[in-house]
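Summary of structural features
Residue strings, one per chain:
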Amino acid sequence: MSTRRWSREPLLWFALLGLALFFFSRKEEFAAVEIQVSRDVITRLDDQWQMQMGRPASEQELDGLVSDWVREEIYAREAQSLGLDRDDTIIRRRLVQKLRFLTEDLALAEPPTEAALAAYFDEHANRYHIPDRIDFEHRYFSKDRREDATADAAAALAAMQNPEPVQTRELGDAFLLQREFFARSERQISDLFGRAFAEALFAKEFDGWFGPVPSAYGAHLVRVTGRIPGRSPALAEVRQQVLADYGQARRDTANNEFYEQLKSRYRIVRDARAAQP
């Protein structure tokens, strides 16, 4: 179709006229929109720059930061006007997170009193109990390097118990971790060697080499060299942990109470579950 024929098409002119009327009708609306670059915005941008770069921004750099912020603000507003923020899981979760952070900040605006901290510590004393701990050493027999690591460990234990025992440091294979451990709880040992290994060590009532004790790595000969009874610490010993736990408890409480207040303003209507075919 030629250019001359296009110029005679009524639908084309109708579309162009409609587009012109649309922009003309919204001209005042567009002109009325204002983006205020406040002193707080400029200060925040400058502070962020200093945190990242370790120095204040120059005038040229600050102008660039402001220009980037304005561009971001315009895109954000236009995206919201088009409804692009709706039904977006990531944006939805981010908004929820920001509201939770705001609630938590308000909950922690004032530090706890000594009485409140002490009461929390007493109420949750079991959480801060220091469990029994032991010192031990071991000799490792690799299941990957030997045909029968358990049998070799048993033979080594018999050799250690002879009237003329062998040097224990010459026994076993090289191990990824150290040969001696100090002041380890049953849980800590379990994390390293497995639950069965840890239970075997804490079940022993005497010192001296024993085994073979299986682990995820192979077989071990073990000797418990020290025991430290568990105890309940004073608040001063675990104060930082108690402060952290107390703060988290206050945040959780504040969020739950705030949610219940918000929920009371809504009527929840839930569709019945569809019948199973």
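Calculation notes
Residues numbered from 1 in each chain as written. Predicted model: local features only at pLDDT ≥ 70, side-chain atom pairs only at ≥ 80, totals over all residues. Heavy atoms only, no water. Axes fitted to C-alpha atoms, helices over the stretch in contact; angles between N-to-C directions. Helix = DSSP H or I, 4+ residues; strand = E, 2+ residues; numbered from the N terminus. Parallel < 35°, antiparallel > 145°, perpendicular 65-115°, else oblique. Left-handed = near helix turned anticlockwise from the far one by under 90°. Contact = heavy atoms within 4.5 Å. Nonpolar A, V, L, I, M, F, W, Y, C, P; charged D, E, K, R; others polar. Pairing = 2+ DSSP bridges. Phe/Tyr/Trp six-rings, centres within 6.5 Å; stacked < 30°, edge-to-face > 60°. Buried < 20%, exposed > 50% of the residue type's maximum accessible area, 1.4 Å probe, protein only.

Some remarks on the packing of helix α9 (residues 186-193) against helix α10 (residues 195-203)
Taken N-terminus to C-terminus, the directions of α9 and α10 make an angle of 140°; their axes are 7 Å apart at the nearest point. Relative to α10, α9 is oriented oblique. Of the two elements, α9 crosses α10, and the hand of that crossing is right-handed. Between α9 and α10, the residues in contact are Glu186, Ile189, Ser190 and Phe193 and Arg195, Phe197, Ala198, Glu199, Leu201 and Phe202, respectively. Its residues placed into classes, the contact of α9 with α10 shows six nonpolar, one polar and three charged.

Details of the sheet that holds strand β4 (residues 218-228)
In spatial order, the strands read β2-β1-β4-β3; together these four strands make up an open sheet with antiparallel pairing. Both edges of this open sheet fall to β2 (180-185) and β3 (209-214), since each of them pairs with a single strand only. Averaged over all pairs of adjacent strands, the angle between strand axes in this sheet comes to 40°, irrespective of strand direction. Taken together, the 10 bridges between strand β1 (residues 133-142) and β4 define a ladder with antiparallel strand orientation. Following the sheet pairing, Arg133 is matched in β4 by Ile228. Together, β1, β2 and β4 form the strand contacts of α9, whose direction differs from that of β2 by roughly 125°. Sheet strands in contact with α10 are β1, β2, β3 and β4, and its direction is about 45° off that of β4.

With respect to the packing of aromatic side chains
Each pair of aromatic rings is reported with the distance of its centres and the angle of its planes. Tallied over the entire structure, the rule returns 11 aromatic pairs. Relative to Phe193, the ring of Phe136 lies with its centre 6.2 Å away and its plane at 70°, an arrangement referred to as edge-to-face. Of this pair, Phe136 sits in strand β1 while Phe193 sits in helix α9, placing them 57 residues apart in sequence. Look at Phe136 and you get buried, because its relative accessible area is 1%. One aromatic cluster is present, formed by Phe136, Tyr140, Phe175, Phe181, Phe193, Phe197 and Tyr217 through successive ring pairs.

Purely geometric stuff here, so don't read any function into it on its own.
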